[in-house]
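Structure at a glance
In case you want the letters, here they are:
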Amino acid sequence: CGGLYGSETRLSCMTLNQNGDWETSHSLQTERWAHTSWKTGENILLIGGHESPNTTELLSADGSSQSKFDLQENHIWSCLIDDAESFILTGGIEI
């Protein structure tokens, strides 16, 4: 999801289908790249990144996407540690 430096995917996610072809699976609410993500059940939470450093966006299996919550700090190039029911963000760069 997202893309770097003017990529056409800054506002979308591409998914590899069963035929081995890439297809657009989600349209994003905001542009983002250099973000991290967290798989939670059937959903994926996109976290921070350039253009959207303090936002999160939930991608659902049905192809929908919605803004979730704002982060207290900006997060770009951060690493995520999955703690089952929650996550820890660490590292990254300051902006």
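What this report covers is the structure whose coordinates are included nearby. Only a predicted model underlies this, so the values are computations on that prediction, with no experimental measurement involved.

There is a patch of nonpolar side chains on the surface, built from M14, L16 and W22 and spanning about 340 Å² of accessible area. Tracing the sequence through the fold places L16 in strand β1 (residues 12-16).

Let's shift gears to the sheet that holds strand β6 (residues 65-70). Backbone-to-backbone hydrogen bonds pair the strands of a sheet. The strands run either parallel or antiparallel. Across the sheet, which stays open at both edges, the 4 strands sit in the order β3-β4-β5-β6 with antiparallel pairing between neighbours. In this open sheet, the two strands that pair with only one neighbour each are β3 (36-40) and β6. Shown here is a sheet whose adjacent strand axes are inclined to one another by a mean of 25°, direction ignored. Of the strand pairs in this sheet, strand β5 (residues 55-59) and β6 are connected by 4 bridges, and their pairing is antiparallel. By the bridge assignment, E57 is partnered in β6 with S67.

A covalent bond bridging the sulfur atoms of two cysteines is what the word disulfide describes. The tally for this structure, following the rule as stated, stands at 1 disulfide. Here C1 connects covalently by a disulfide to C13, the sulfurs 1.8 Å from one another. In this structure the cystine formed by C1 and C13 twists about its S-S bond by roughly 115°; its chirality is therefore right-handed. Here the residue C1 occupies a position in the segment before β1, and C13 occupies one in strand β1, the gap between them amounting to 12 residues.

Bringing unusual backbone geometry into the picture now. Non-glycine residue E51 carries a positive phi angle of around 75°. Structurally, E51 can be placed in the loop between β4 (43-47) and β5.

Counting residues in each nonpolar core, the largest one holds 6 residues, listed as W38, L45, I47, L58, L71 and L89. When neighbours within four sequence positions are excluded, L71 is seen to be in contact with I47, G48, P53, N54, T55 and T56.

Tallying each qualifying case throughout the model produces 3 salt bridges. Two residues, R32 and E57, come together in a salt bridge whose shortest N-O distance is 3.4 Å. One end of the pair, R32, is in the loop between β2 (22-27) and β3; the other, E57, is in strand β5, with 25 residues separating them in the sequence. The exposure classification of R32 matches that of E57, with both residues buried.

As for its position among the elements, E23 is in strand β2. Using a relative accessible area of 40% as the deciding quantity, one classes E23 as partly exposed. When the C-alpha positions of E23 and C13 are compared, they lie 8.3 Å apart, and in sequence the two are 10 residues distant. Residues contacting E23, with those up to four places away along its chain left out, are C13, M14, T15 and N17. A distance of 3.3 Å separates polar atoms of two side chains, one belonging to E23 and the other to N17.

Calculation criteria
- Residues numbered from 1 in each chain as written.
- Predicted model: local features only at pLDDT ≥ 70, side-chain atom pairs only at ≥ 80, totals over all residues.
- Heavy atoms only, no water.
- Patch = residues over 30% accessible without salt bridge, like charges linked within 9 Å, V, L, I, M, F, W, Y side chains within 5 Å.
- Areas by Shrake-Rupley, 256 points an atom, 1.4 Å probe, with all protein chains shown as cover.
- Salt bridge = Lys/Arg side-chain N within 4 Å of Asp/Glu carboxyl O.
- Helix = DSSP H or I, 4+ residues; strand = E, 2+ residues; numbered from the N terminus.
- Pairing = 2+ DSSP bridges.
- Axes fitted to C-alpha atoms, helices over the stretch in contact; angles between N-to-C directions.
- Disulfide = S-S within 2.5 Å.
- Core = buried A, V, L, I, M, F, W, Y, C linked by side-chain atoms within 4.5 Å.
- Buried < 20%, exposed > 50% of the residue type's maximum accessible area, 1.4 Å probe, protein only.
- Contact = heavy atoms within 4.5 Å.
- Polar contact = N/O pair within 3.5 Å; in protein donor to acceptor, adjacent residues only side chain to side chain.

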